[in-house]
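Letter by letter, the chains look like this.
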Amino acid sequence: MIPQPPQRPGPGTERQSWLERRREKVRAEVERNRRGEYTVPTWVLALALALIVGAWLALIALA
């Protein structure tokens, strides 16, 4: 059996560039946020918790 050379994608199936994929992701995120599906990233929640606990401990230690 003779191996077939890789086929080129036909019209309309060419790969999107990195920039186009990024724009599409951002556009989808903006649409989700406008529908009210916004969620706070976990790292932001963890940072807020760490700041609150740190401030509380500093208040106790310095009082």
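Structure's up top.
All figures in this text were calculated on a predicted structure; none of them were measured in a lab.

**Student:** I keep staring at the pattern of salt bridges and nothing clicks. Help me out?
**Tutor:** With the rule as written, the count across this model stands at two salt bridges. Between Arg-27 and Glu-24 there is a salt bridge; the shortest N-O distance is 3.1 Å. Taken as a pair, Arg-27 and Glu-24 lie in helix α1 (residues 18-34) at a separation of three residues, close to a single helical turn. The partner of Arg-35 in a salt bridge is Glu-37, with the nearest N and O atoms 3.0 Å apart. Residue classification places Arg-35 among the exposed residues on the basis of a relative accessible area of 54%. Accessibility expressed as a relative area gives 43% for Glu-37, which makes it partly exposed.

Criteria and cut-off values
- Residues numbered from 1 in each chain as written.
- Predicted model: local features only at pLDDT ≥ 70, side-chain atom pairs only at ≥ 80, totals over all residues.
- Heavy atoms only, no water.
- Salt bridge = Lys/Arg side-chain N within 4 Å of Asp/Glu carboxyl O.
- Helix = DSSP H or I, 4+ residues; strand = E, 2+ residues; numbered from the N terminus.
- Buried < 20%, exposed > 50% of the residue type's maximum accessible area, 1.4 Å probe, protein only.

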